[in-house]
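Secondary and tertiary structure notes
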Amino acid sequence: MSQGYIKEIFSSFQGEGASVEGSCYGLRQIFIRFAGCPLSQGLLGTKGCRWCDSPEAKANQPKQCLIEEKAGLQSFGGINNPVTVENILEAIRNLTTNDLHSISFTGGEPLHQPEFLEKLLILLKKENYKIYLETAYTEDIDFLKRIIHLIDFACVDVKDRSAEASLNWEMLVEREIKMCEILKNNAKVFAKTVISKSSRKEDFEVIAKLCGRIGVPIVIQIVTPPAKSNILQPTWEQIIELSGIASEYLPPDKIGISVQMHKFLDIL
Ligand code: SF4
């Protein structure tokens, strides 16, 4: 399919990750935010991730794709969805700046629109763009294997149990670690786990151990509590303890912490 549903396209800086390999933290990117995410829609038996900050995750087919008019301007025009790969290519060319590092495929869940994503990746690689994929889940492991040669950097959002993304948390984590393992065959990849005050160290240890087994770095991401939620950020003691746990399975240069820089600076 050469048409897909995109929520927005804009230029900014990558605001998540740390200084581990695979992260593009602080680097200039153009963001392609895909609409729809299976983990927001009860696919795995829950009401969806508890602290999802992406309204676009819930809407599979938004009417409009918002496109930043000029890189960094933060004002938008729009075109109707579904959009074509040519529409996106044109927007990317228009937003490309000399300091651009890579194109970030984010969401929502980019892997949820596989054929459209693949077509776009092929076109962008022909134009020598570097690709950063942000993903949390796919059922289609064969598809992931098929596109890994097109991915340069990847962040796999490995869900903490407290995110309530699945009734079968262990299965979800295994799937996400499998995705890291596959991506690692071509891309620089790291796992990101969002931690809140209600995260349990035993659960984090499960994730850290699996990351250690496949040699993939782990980033402890401090939750940004959604407005009007009762979600709390972890305490400093918790963060120190979790980093210590990670160090039982990974070397220091494969462990990091991160806050969401764009939320902190109130930018896109
Ligand atoms: S995986 Fe990400 S986009 Fe999807 S529901 Fe969870 S937090 Fe939202």
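A short tour of the structure in this document, coming up.

Thresholds, definitions, all that
Residue positions are given per chain, counting from 1 as you read along its sequence in written order. Where local features are concerned, this predicted model is filtered to residues with pLDDT of at least 70; where side-chain atom pairs are given and counted, the filter is 80 or more; whole-chain, interface and lining totals use all residues. Remark: hydrogens and water are excluded; side-chain values derive from all non-hydrogen atoms of the structure. The helix count covers DSSP runs of H or I at least four residues long, the strand count covers runs of E at least two residues long, and both are numbered beginning at the N terminus. Relative accessibility decides the category of a residue: with a 1.4 Å probe and only protein chains considered, values under 20% of the type maximum give buried, values over 50% give exposed, and everything between is partly exposed. Contacts: residue pairs with any heavy atoms within 4.5 Å of one another. Think of it this way: DSSP has to see at least two bridges between two strands before they count as a pair. Here is how to tell: hold the view so the strands point away, follow the path from the first strand over the helix to the second, and if it runs clockwise the crossover is right-handed. Think of it this way: a Phe, Tyr or Trp ring, Trp meaning its six-membered ring, pairs with another when their centres are within 6.5 Å, and the plane angle makes it stacked under 30 degrees, edge-to-face over 60, tilted otherwise. In this text, near means that some heavy atom of the residue lies within 4 Å of the molecule or strand in question. Residue polarity follows a fixed list, in which Ala, Val, Leu, Ile, Met, Phe, Trp, Tyr, Cys and Pro are nonpolar, Asp, Glu, Lys and Arg are charged, and the others, Gly among them, are polar. Just to be clear on terms, a salt bridge is a Lys or Arg side-chain nitrogen sitting within 4 Å of an Asp or Glu carboxyl oxygen. Every angle, taken between N-to-C directions, lies between 0 and 180 degrees, and every axis is a line fitted to C-alpha atoms, over only the stretch in contact when it is a helix. When describing relative orientation, an angle under 35 degrees is termed roughly parallel and one over 145 degrees roughly antiparallel, while 65 to 115 degrees is termed roughly perpendicular and anything else oblique. By convention, the crossing between two helices is left-handed when the near helix turns anticlockwise from the far helix through less than a right angle, and right-handed when the turn is clockwise. Note on terminology: a nonpolar core comprises buried Ala, Val, Leu, Ile, Met, Phe, Trp, Tyr and Cys residues joined through side-chain atoms within 4.5 Å.

Attention shifts here to the environment of Ser12. Turning to its location among the elements, Ser12 is positioned in strand E2 (residues 6-13). Judged by its relative accessible area of 5%, Ser12 falls in the buried class. Taking the C-alpha atoms as reference points, Ser12 and Ala154, separated by 142 residues in sequence, lie 18 Å from one another. Once you skip the residues sitting within four places of it in the chain, Ser12 turns out to touch Leu27, Arg28, Gln29, Phe31, Ile267 and Leu268.

So, on to the pairing of strand E12 (residues 255-258). In this structure, strand E11 (residues 218-222) lies alongside E12, joined through four bridges in parallel fashion. Among the inter-strand pairings, Gln221 is bridged to a residue of E12, identified as Ser258. Since E11 and E12 lie parallel, the crossover through helix H6 (residues 236-246) that links them has a hand, and here it is right-handed.

Bringing the packing of aromatic side chains into the picture now. Taken as a whole and judged by the stated rule, the model has three aromatic pairs. Ring centres 5.1 Å apart and planes at 10° place the aromatic pair Phe10 and Phe31 in the stacked group. With a gap of 21 residues between them, Phe10 in strand E2 and Phe31 in strand E3 (residues 28-34) connect regions that are remote in the sequence. You can call Phe10 buried: its relative accessible area is 2%.

Turning our eyes to something else, we now look at the site of the ligand. Taken together, Cys37, Leu39, Ser40, Cys49, Cys52, Ala57, Gly108, Ala136 and Lys159 are the residues near the ligand. Looking at the shell around the ligand residue by residue, the class counts come to six nonpolar, two polar and one charged.

This brings us to the pattern of salt bridges. Where charged atoms from two side chains of opposite charge come close, those side chains can pair. Per the stated rule, a full pass over the model turns up twelve salt bridges. With a shortest N-O distance of 2.6 Å, Glu16 and Lys192 are connected by a salt bridge. Placement of the pair is Glu16 in the loop between E2 and E3 and Lys192 in strand E10 (residues 188-195), with a sequence separation of 176 residues. In this structure, Glu16 and Lys192 share a single accessibility class: buried. Of the charged contacts, one joins Asp203 and Arg200 as a salt bridge, the two residues approaching to 3.1 Å between their closest N and O atoms. Where salt bridges share partners, they join Arg161, Glu170, Arg200 and Asp203 into one cluster.

Relative to the helices and strands, Gln29 resides in strand E3. When near neighbours in sequence (up to four residues on either side) are disregarded, Gln29 contacts Phe10, Ser11, Ser12, Phe13, Gln14, Cys24, Leu100, Ser102, Ser104 and Tyr132.

At a closest axis distance of 10 Å, the pairing of helix H1 (residues 85-95) and helix H2 (residues 114-126) adopts a crossing angle of 45°. Taken together, the axis directions place H1 and H2 in an arrangement best described as oblique. The handedness of the crossing between H1 and H2 comes out as right-handed. Across the interface between the two elements, Val85, Ile88, Leu89 and Ile92 of H1 pack against Phe116, Lys119, Leu120, Leu123 and Leu124 of H2. Here the residues of the contact of H1 with H2 sort into eight nonpolar, no polar and one charged.

Core analysis: the biggest nonpolar cluster contains 61 residues, and Ile9, Ile32, Ile103 and Phe105 have the highest contact counts within it. Looking at which element gives the most residues to this core, the answer is helix H4 (residues 169-183), with seven residues. When residues no more than four places from it in sequence are discounted, the contact partners of Ile32 are Ile6, Glu8, Ile9, Ile88, Ile92, Ile103, Ser104, Phe105 and Thr106. If you look at the next biggest cluster of nonpolar residues, it comprises nine residues, including Ala57, Ala136, Tyr137 and Leu172.

Remark: H4 packs on helix H5 (residues 201-214), axes separated minimally by 10 Å, with the N-to-C direction vectors making an angle of 25°. Viewed along their axes, H4 and H5 adopt a mutual orientation that is roughly parallel. The hand of the H4/H5 crossing is right-handed. Along its contact with H4, which presents Trp169, Val173, Ile177, Cys180 and Glu181, the element H5 presents Asp203, Val206, Ile207, Leu210, Cys211 and Ile214.

The analysis is restricted to geometry; functional conclusions fall outside its scope.
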